[in-house]
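Results of the structural survey
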Amino acid sequence: MQNERLRALMASGGWTHTSLASATGVDPKSVERWVNLGRTPRRATALLAAETLGEDVHALWPALRQARAARAVSPELVALYDHRADLPVSVFVDLLTKARERIDVLVYAAVFLHEAYPRMNELLRERAADGCTVRIAIGDPDSENVRQRGQEERFGHGIESRCRLALMHYRPLADVPGIELRTHGTTLYNSLYRADDELLVNAHVWGVNAYGAPVWHLRRHEAGGMFDTYTESFDAVWETARPVEE
């Protein structure tokens, strides 16, 4: 079967078998087979030919449109939990305790931390005193996105009161050197708990409270990986958040 799209494109651009072969480093007979027999070149050659002709490679050779193979296990994935409730609070505490440079927390409320571990503020003070930069972003109870999340979780106004309770828990840290506390009104797709190059991601699922949603534990492996995707998201939210007054 002839590759009519390739034939028409070459004709409109004044390309011959010989000239395209020269531009792509192949034999003119190879180009002839691409056109007349519908042969598909190797991917690297196809990409070069498509770039030379100014066309999308998949438009010329649809057979090259292959989904990227999924990795069975990401090297950044340390553990996967079906529900946040499956994790003892000690997992969160141990993670934050190990931090030496940075702690970032992005949540709407996450009051379970203070309820299950009353020393949370003391832990954060200790980390800041040892040189950690600590950033805490909690939900603005007056935000429309917070109210919407409450409706999705079928908690009514409960999530707004939990945000106020979280603010009450964290407010004593507002004047601590090295700790910054802000409120945000963004749509929260995941709650994030970062300690240096480790991260707990609590996914949010429509209609499900955060304690019933999955958590994955990530450890940074390479630039541009999943870990960086989430930490860049944190930074973007942080820029929109408002500092909490002392």
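Residues numbered from 1 in each chain as written. Predicted model: local features only at pLDDT ≥ 70, side-chain atom pairs only at ≥ 80, totals over all residues. Heavy atoms only, no water.

Helix and strand content of the chain: eleven helices and eight strands. For the chain, the C-alpha radius of gyration of 27 Å lies well beyond 18 Å, the compact-globule estimate for 246 residues. By principal-axis analysis of the C-alpha atoms, the chain measures approximately 75 × 40 × 35 Å. Counting the 246 residues in the chain, one finds 45% classified as buried. A separation threshold of at least 6 residues defines the contact pool for the chain, and within that pool the share at least 24 residues apart is 67%. A gap of 6 Å separates the mean positions of the 29 positive and 34 negative side-chain charges of the chain. (Helix = DSSP H or I, 4+ residues; strand = E, 2+ residues; numbered from the N terminus. Rg over C-alpha atoms; globule rule 2.2 N^0.38 Å. Buried < 20%, exposed > 50% of the residue type's maximum accessible area, 1.4 Å probe, protein only. Contact = heavy atoms within 4.5 Å. Lys, Arg positive; Asp, Glu negative; His and termini not counted. Charge placed at Lys NZ, Arg CZ, Asp CG, Glu CD.)

On the surface, a nonpolar cluster with roughly 350 Å² of combined accessible area is contributed by Val73, Leu77, Leu80 and Met226. Structurally, valine 73 can be placed in the loop between α5 (57-60) and β1 (77-81). The exposure class of valine 73 is exposed, given its relative accessible area of 59%. (Patch = residues over 30% accessible without salt bridge, like charges linked within 9 Å, V, L, I, M, F, W, Y side chains within 5 Å. Areas by Shrake-Rupley, 256 points an atom, 1.4 Å probe, with all protein chains shown as cover. Salt bridge = Lys/Arg side-chain N within 4 Å of Asp/Glu carboxyl O.)

Moving on, we come to the packing of helix α2 (residues 17-24) against helix α4 (residues 43-53). Interhelical geometry of α2 versus α4 gives an angle of 120° and a closest axis separation of 9 Å. Relative to α4, α2 is oriented oblique. In this structure, α2 crosses over α4, and the sense of that crossing is right-handed. The segment α2 lies against α4, with Leu20, Ala23 and Thr24 engaging Thr45, Leu48, Ala49, Thr52 and Leu53. Residue composition of the contact of α2 with α4, grouped by class: five nonpolar, three polar and no charged. (Axes fitted to C-alpha atoms, helices over the stretch in contact; angles between N-to-C directions. Parallel < 35°, antiparallel > 145°, perpendicular 65-115°, else oblique. Left-handed = near helix turned anticlockwise from the far one by under 90°. Nonpolar A, V, L, I, M, F, W, Y, C, P; charged D, E, K, R; others polar.)

Moving on to the pairing of strand β6 (residues 198-203). For β6, the buried fraction is high: six of the six residues fall into the buried class. Every second residue of β6 is oriented toward a common face, with Glu198, Leu200 and Asn202 on one face and Leu199, Val201 and Ala203 on the other, all of them buried. The pairing of strand β5 (residues 190-195) with β6 spans six bridges and is classified as antiparallel. Pairing of alanine 195 across the sheet is with glutamate 198, part of β6. Linkage of β5 to β6, two consecutive antiparallel strands, is achieved through a turn of two residues, within which aspartate 196 is found at a positive phi near 55°. (Pairing = 2+ DSSP bridges.)

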